[in-house]
Amino acid sequence: QVQLVESGGGLVQAGGSLRLSCAASGRTFSSYAMGWFRQAPGKERECVAVISKSGGSTYYADSVKGRFTISRDNAKNTVYLQMNSLKPEDTAVYYCAAHNRLGLPFRIYQYEYDYWGQGTQVTVSS
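Residues numbered from 1 in each chain as written. Predicted model: local features only at pLDDT ≥ 70, side-chain atom pairs only at ≥ 80, totals over all residues. Heavy atoms only, no water.

Remarks on the overall build of the protein
1) Next: Within the protein, the regular secondary structure consists of 0 helices and 11 strands.
2) Next: Each helix and strand of the protein, placed in order from N terminus to C terminus, yields the pattern β-β-β-β-β-β-β-β-β-β-β.
3) Next: Relative to the compact-globule value of 14 Å for 126 residues, the protein shows a C-alpha radius of gyration of 13 Å, a close match.
4) Next: The principal-axis extents of the C-alpha atoms in the protein amount to approximately 40 × 25 × 25 Å.
5) Next: Buried positions account for 43% of the 126 residues belonging to the protein.
6) Next: Excluding contacts between residues fewer than 6 apart, the proportion of contacts in the protein whose partners are at least 24 apart in sequence is 58%. (Helix = DSSP H or I, 4+ residues; strand = E, 2+ residues; numbered from the N terminus. Rg over C-alpha atoms; globule rule 2.2 N^0.38 Å. Buried < 20%, exposed > 50% of the residue type's maximum accessible area, 1.4 Å probe, protein only. Contact = heavy atoms within 4.5 Å.)

Some details on the nonpolar core
1) Next: Formed by 29 residues in total, the largest nonpolar core has its most connected members in M34, W36, L81, M83 and Y94.
2) Next: Beyond its immediate stretch of four places on either side in the chain, M34 contacts L4, C22, F29, A49, V50, I51, I70, R72, V79, A97, A98 and Y113.
3) Next: Within the second largest apolar cluster, 5 residues are counted, among which are F37, C47, V50 and Y113. (Core = buried A, V, L, I, M, F, W, Y, C linked by side-chain atoms within 4.5 Å.)

So, in structure tokens, the structure goes:
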């Protein structure tokens, strides 16, 4: 069992930055690959970034590549999402999620994740 709690969301102007954090409970955090998803009003939840269990490999959606950076600190049971050059279209509720499935190097569909945080709102004003 893993419990996830996101923080760091807020209101920022276009071009600004935010860093989201996701704190995980439990002693097996390093057994889970982690993902950040987002859901804007009226849209489906989409994957924006994934990081492997060790942190050595990452995946980014094209829409955030070069602007967002996912990282993790397994000693602190925390995964981060650094968001730079924010755009109004980045406005959404951001969720972190965890899975420990084997096989594919990166999983980008929400049904593949077993544990979810409650979400944190990010609003980017123009």
